[in-house]
Amino acid sequence: SLVEVAFDPEEPFDFAPGQFVTIRFRGTPRPYSIASSPNAEEMSLCVRRVPGGRLSERLCAELRPGDHLPELRGPNGEFTLQDPAPTDMAFLATGTGIAPLRSMVNYVFEEGRDTYKGEPRDIWVFLGASWEDDLAFREEFRTLDDAHEHFHFVPCLTRERYLTGWTGETDYVQQTLLKYVTDGVAAPDLDADLREYLDAEPETDIEARIDPADLEVYACGVSAMVQTLEDVCSCVGVAGGDIRGEGYG
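Keep in mind that what you see is a predicted model, and the values were worked out from it rather than measured.

**A closer look at the pairing of strand β12 (residues 243-248)**
In terms of strand pairing, strand β11 (residues 215-222) meets β12 through 6 bridges, oriented parallel. When the bridges of β12 are listed, Ala219 appears paired with Gly245. What joins β11 to β12 is helix α6 (residues 223-235), and the crossover it makes is right-handed.

Right, dumping it as structure tokens:
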């Protein structure tokens, strides 16, 4: 139900991390965020099989190695990285919303943007899903986490604990994010039911904390969730110009 589709464009195809393309398969067009870095040898997409979906069922069931995608249009979109800066970075997503963020994260490390003037930037990925199997690219992010002290991968699995011994985060992404905000943030405009998470203890052993005044935020997923994340980040003190989101559905 969750696949990565990788292909080689026939012509050179330049894009910025975070942008999307439109592909056509079996006569049906559909936009997808690019999940690969511009530096990767192949372009890839992250596709979740949606029953009755316009194209996803066909891609998951019918696409075979060597097939030809007759049309590739784009790139499009303004959901892209800011210029390098000394701020930390938080990438927030649910489901396949991680696709453009994976492109950004890989590019950041490939191009040395994980540091600024020799100083490391804390880079966070909060990825929400119901079950661990629904986390796209999870092992890739865990490898990055193991390799870099300033990279922090925080899966947020709302149902996993019901079937397994999962001991990580089980709250929604917006709630979990607040647990890692540095002490002393008042956030008077934050909803009362969310403000309590500012005092909650994280379920991981990550010692780093997030200073909202020193943070770039990139959020992607279902539109309602993205709006909530943008509001939460604004309420805790992230500057409006440092919050970028892209919603769908």
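**So, the packing of helix α2 (residues 98-110) against helix α3 (residues 138-147)**
Two elements in contact, α2 and α3, have axes whose closest approach is 12 Å; the angle formed by their N-to-C orientations is 30 degrees. Relative to α3, α2 is oriented roughly parallel. Note that α2 runs across α3; the crossing there is left-handed. Residues Ile98, Arg102, Val105, Asn106 and Phe109 of α2 touch α3, and the partners they reach there are Glu140, Phe141 and Leu144. For the contact of α2 with α3, the class distribution of residues is 5 nonpolar, 1 polar and 2 charged.

**Digging into the sheet that holds strand β2 (residues 20-25)**
Taken in spatial order, the 3 strands line up as β3-β2-β5 in an open sheet, and their pairing is antiparallel. Of all the strands in the sheet, just β3 (28-33) and β5 (71-76) have a single pairing partner and so form its edges. Shown here is a sheet whose adjacent strand axes are inclined to one another by a mean of 20 degrees, direction ignored. Across 4 bridges, the pairing between β2 and β5 is antiparallel. Paired with Thr22 across the two strands is Arg73, which belongs to β5.

The rules behind each value
- Position numbers for residues start from 1 in each chain and track the written sequence from start to end.
- Owing to the predicted nature of the model, reporting of local features is limited to residues with pLDDT of at least 70; listing and counting of side-chain atom pairs is limited to 80 or more, with chain, interface and lining totals taken over all residues.
- Side-chain measures were taken over the full set of non-hydrogen atoms in the model, leaving aside hydrogen atoms and water.
- One bridge is not enough; two strands pair if DSSP finds at least two bridges between them.
- Helix and strand definitions follow DSSP, with helices as H or I runs of at least four residues and strands as E runs of at least two, each counted in order from the N terminus.
- For a crossover, the right-handed case is the one in which the path from the first strand over the helix to the second runs clockwise, viewed with the strands pointing away from the viewer.
- Orientation is described by axes fitted as lines to C-alpha atoms, over the contacting stretch for helices, and by angles from 0 to 180 degrees between their N-to-C directions.
- Orientation categories follow fixed angle ranges, with anything under 35 degrees roughly parallel, anything over 145 roughly antiparallel, 65 to 115 roughly perpendicular, and all other angles oblique.
- With the far helix as reference, a near helix turned anticlockwise by less than a right angle produces a left-handed crossing, and one turned clockwise produces a right-handed crossing.
- What makes two residues a contact is simply this: any of their non-hydrogen atoms within 4.5 Å.
- We call Asp, Glu, Lys and Arg charged. Ala, Val, Leu, Ile, Met, Phe, Trp, Tyr, Cys and Pro are nonpolar, and the rest, Gly among them, are polar.

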